[in-house]
Amino acid sequence: MQVVSESEGSGHIARENWSNKRDYVLSMIGYAVGLGNIWRFPYLTYKNGGGTLVFSDKLSNPPGLLFSLVINYAIIFFILCHCHIGAFLIPYFTMLLVTGLPLFFLESSFGQFCSQGPINVWRAVPILQGVGIGMVIVTLLIAIYYNVIIGYSLYYMFASMQSPLPWTNCPNTTVTTCSEKPLVYCNINGTLTEMVQTCNQSDKIKMDIQSPSEYYWDNVALQRSSGLEETGPVVWHLALCLLLSTLLAGASLIKGIKSSGKVVYFTATFPYVVIFILLIRGVTLEGASEGIEFYIGSQSNLTKLSDAQVWKDAATQIFYSLSIGLGGLMALSSYNEFHNNVFTDTLVVSITNAATSIFAGFAIFSIMGHMAHVYKLPVTEVVKEGFGLAFIAYPGALTKLPISPLWSVLFFFMTLIVGLDSLFAEIEVILTSLQDAYPKVLKSRRPLLTIATCSFLYLLGLPCVTRAGIYWVTLIDSFVATWVVLFLVLLEIVGVSYLYGVNRFIDDIEMMIGKKSPRFWLWWKACWLFFTPFILLVILVWSLWTFAPPTYGDIHFPSWGLSLGWCMLVFVLMWLPIGAVYHLTKAKGSLLNRLTSVCAPSEDWRPYLERHRKESHPKDQGVHRANNPNEADDNSDYQL
């Protein structure tokens, strides 16, 4: 760990830096690569047309072109179409270029320039400080249920340490809702037969019955009640696993980035070892080729490109898999050295994230193909997404492997590590924001603050480990981790590009990474000013238009539960008007002068260290900035 301090007597409270660049990059990769890369991306790929990674001999290095020729979008699209990359990967990489990379670059640069978290960075545009507060609250709510999901992984990992796996068979013969083989019949002239191999899809009838892994998930692991209104007692084995998850996170963060920066050397790299092991084992299984064929397809179904839903799914997956709009990118980058090349980091993390998603899909679907082969069913009949893939379909498939406990322990240990990496960053967002807001009180009390924050998260997570817990997890995820984040990011990019000014922002970045040619910035300016805001607006409107009350399977939530979901949204968004009104009332002059004042950078918007402030661009020198009474010295407790 290095500590930032000033010898010029500026009165700053010392601020940590990453010990080296590897700590930061691995932390960012661990944060960006989450459970969605494992249990959502593969599902979206096969759902939206697949994608064959078989390149033409005429093109020697299309991946290099894909990521280096950022400006030449037309060339990239031509390459994708002529290399038989599937229908979903074309919009996926397109959205990476026009939304993922620009937003990742923006947020990382924003945090690194001022060395502040997601709330204090809005000293650049004080009227939008509520955006930062909203991001922190969203991250807090997501951290609650992410901690619970890690608890699920811990429970399954411990449960896997026995042979046979406890979800291999149905519990006993008296349970009529469980069957070790999916019951699918063929309706031939009104007669039901088990000869489904030659049966038309329209004539197949699947009985409403649970597999052993689904029965175990519902009745043993979750002890799930009939609905949100039936809370029931705390499921103590989940509560203990939740406690262990919280302790692991707290222990890794208690000394700040000094400790978490070293933990990620294991947590950010070991999942790749496990994925590789599972992939090697999976492709050696009978039927694996069917699963991989189902995942990527023998040929690209390019007709899917005309389906707008494919583009929406691609944009949404890029957006959430890179953890944009949650404050984590700003918080982690705020501990960088001022002259760190944040542009290079953006490319490395974004490309690694995309490659991980594709790589994990092969490991997942090779084993799902084997399960389909064993059951003599199409892969469509056994594959699921989300919780269904991670805790039902894949564990069920693992029971068909020799030495199944070993593979199960490896899989759930991998999901544990992947989840912990993201949880580290989510908690760090909260800790960084609190420390930046009250530096004199909290910076010297990091261990106590970490313990208090983790204890608070554990207590808030207890309702999610009752018998109705899975409904609470679904409710929070459906309301908080959806369009509200899109709205916050839309305000973010509009605030930076139009209120703060895209040219001023580029000047700030060049202070950190060095002068670049105007051609270098052409693509980024086009995205920040036009392409990215437009795409965000389209997806936001579409998400609102198609929003439907959440359900868990076929179970609907009661009206009071939906009302709580809307209350969570209000709690996130109410800080936007509160923050704007607060700054307007503290400013001086007429209403127009006040509005102009709070839409301009405040006097304390600057690099953290005095020596870096002296590098400011000549055109900024002598420029009068709004003198707002609410502006605080870096050494004071910053309000709101």
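Quick notes on the rules
Residues numbered from 1 in each chain as written. Predicted model: local features only at pLDDT ≥ 70, side-chain atom pairs only at ≥ 80, totals over all residues. Heavy atoms only, no water. Helix = DSSP H or I, 4+ residues; strand = E, 2+ residues; numbered from the N terminus. Buried < 20%, exposed > 50% of the residue type's maximum accessible area, 1.4 Å probe, protein only. Contact = heavy atoms within 4.5 Å. Polar contact = N/O pair within 3.5 Å; in protein donor to acceptor, adjacent residues only side chain to side chain. Axes fitted to C-alpha atoms, helices over the stretch in contact; angles between N-to-C directions. Parallel < 35°, antiparallel > 145°, perpendicular 65-115°, else oblique. Nonpolar A, V, L, I, M, F, W, Y, C, P; charged D, E, K, R; others polar. Core = buried A, V, L, I, M, F, W, Y, C linked by side-chain atoms within 4.5 Å. Phe/Tyr/Trp six-rings, centres within 6.5 Å; stacked < 30°, edge-to-face > 60°. Lys NZ or Arg CZ within 6 Å of the ring centre and 35° of its normal. Salt bridge = Lys/Arg side-chain N within 4 Å of Asp/Glu carboxyl O. pLDDT = per-residue confidence, 0-100.

Visitor: Even after reading the chapter, I still don't get the overall build of the protein, so can you show me in this structure?
Guide: The number of helices and strands found in the protein is 26 helices and 7 strands. By residue count, 60% of the 640 residues in the protein fall in the buried class.

Visitor: How should I be thinking about helix H10 (residues 257-267) in this particular structure?
Guide: An α-helical turn contains 3.6 residues, so any two residues separated by three or four positions project in the same direction. Within H10, the full set of buried residues consists of Ile257, Ser259, Ser260, Gly261, Val264 and Thr267. Of the surrounding elements, those touching the buried residues of H10 are strand E2 (15-17), helix H1 (21-32), helix H9 (236-253), helix H11 (270-283) and helix H17 (404-437).

Visitor: Explain the environment of threonine 267 to me, please; I cannot follow it from the model alone.
Guide: By the element assignment, threonine 267 lies in helix H10. In sequence terms threonine 267 and aspartate 421 are 154 residues apart; their C-alpha atoms lie 6.4 Å from each other. Residues in contact with threonine 267, not counting those within four places in the same chain, are Ile417, Asp421 and Phe424. Polar side-chain contacts of threonine 267 include one of 2.5 Å to the side chain of aspartate 421.

Visitor: Which parts of the structure should I look at to understand helix H8 (residues 212-221)?
Guide: Of all the 10 residues making up H8, 7 are buried; the element is thus mostly covered by neighbouring parts of the structure. Within H8, burial applies to Pro212, Ser213, Tyr215, Tyr216, Trp217, Asp218 and Ala221. For H8, the elements touching its buried residues are helix H7 (129-159), H9, helix H16 (387-398), helix H20 (469-480) and strand E6 (551-552). At the C-terminal side of H8, glutamine 223 shows a positive phi close to 50°.

Visitor: How should the packing of helix H21 (residues 483-513) against helix H22 (residues 518-545) be read in this particular structure?
Guide: One way to put it is that H21 packs onto H22 with a least axis distance of 9 Å and a crossing angle of 170°. Judged by the angle between their axes, H21 and H22 are roughly antiparallel. For the contact of H21 with H22, the residue count by class is 22 nonpolar, 4 polar and 2 charged.

Visitor: Would you mind going over the nonpolar core with me for this structure?
Guide: As a rule of thumb, nonpolar side chains are buried together in soluble globular proteins. Counting residues in each nonpolar core, the largest one holds 198 residues, and the members touching the most others are Tyr152, Trp217 and Trp528. With near-sequence residues (within four places) excluded, tyrosine 152 lies in contact with Trp217, Leu222, Leu238, Phe387, Phe391, Cys464, Gly469, Ile470 and Val473.

Visitor: Just checking my understanding: could you explain the packing of aromatic side chains for this structure?
Guide: The geometry of an aromatic ring pair comes down to the distance between the two centres and the angle between the two planes. Scanning the model with the defined rule gives 50 aromatic pairs in all. Their ring planes at 85° and their centres at 5.8 Å tell us that tyrosine 500 and tryptophan 605 sit as a pair that is edge-to-face. Here tyrosine 500 is found in helix H21, whereas its partner tryptophan 605 is found in the loop between helix H25 (591-598) and helix H26 (610-613), with 105 residues between them in sequence. Judged by its relative accessible area of 4%, tryptophan 605 is buried. If you follow lysine 516 out to its NZ or CZ, it ends over the ring of phenylalanine 520, 5.5 Å from the centre.

Visitor: Please explain unusual backbone geometry as it appears in this structure.
Guide: Backbone geometry follows two general trends: most residues other than glycine have a negative phi, and most peptide bonds adopt the trans configuration. With omega at 0°, the peptide bond leading from serine 163 into proline 164 counts as cis. Relative to the assigned elements, proline 164 resides in the loop between H7 and strand E3 (184-188). A positive phi angle, close to 60°, is found at serine 323, a residue other than glycine. One can find serine 323 in the loop between helix H13 (308-321) and helix H14 (328-333). Relative accessible area serves as the criterion here: at 8%, serine 323 is assigned to the buried category. Despite not being glycine, isoleucine 403 has its phi angle at roughly 50°, a positive value. The residue isoleucine 403 is located in the loop between H16 and H17 in this model. With relative accessibility at 59%, the residue isoleucine 403 sits in the exposed group.

Visitor: I tried to follow the pattern of salt bridges on my own but got confused; where do I start?
Guide: Side chains that differ in sign of charge can pair as their charged atoms come close. Applying the stated criterion to the full structure yields 7 salt bridges. Linking aspartate 218 and arginine 224 is a salt bridge whose minimum nitrogen-to-oxygen distance equals 3.0 Å. With relative accessibility at 5%, the residue aspartate 218 sits in the buried group. In this structure, glutamate 510 and lysine 515 form a salt bridge, with 3.3 Å as the shortest nitrogen-oxygen distance. For lysine 515, a relative accessible area of 67% corresponds to the exposed category.

Visitor: What am I meant to see in the confidence of the model for the protein here?
Guide: Interpretation of this model should avoid reading the predicted coordinates in detail wherever pLDDT is low. On average, residues of the protein score 83 in pLDDT, and 81% of them are at 70 or above. Of the regions scoring below 50 in pLDDT, residues 52-85 engages in 55 contacts with residues more than four places distant in sequence or in other chains.

Visitor: Would you mind going over the side chain of aspartate 604 with me for this structure?
Guide: Summarising the element assignment, aspartate 604 is placed in the loop between H25 and H26. A relative accessible area of 4% means that aspartate 604 is categorised as buried. Only 2.5 Å separates the side chain of aspartate 604 from the side chain of serine 602, close enough to count as a polar contact.

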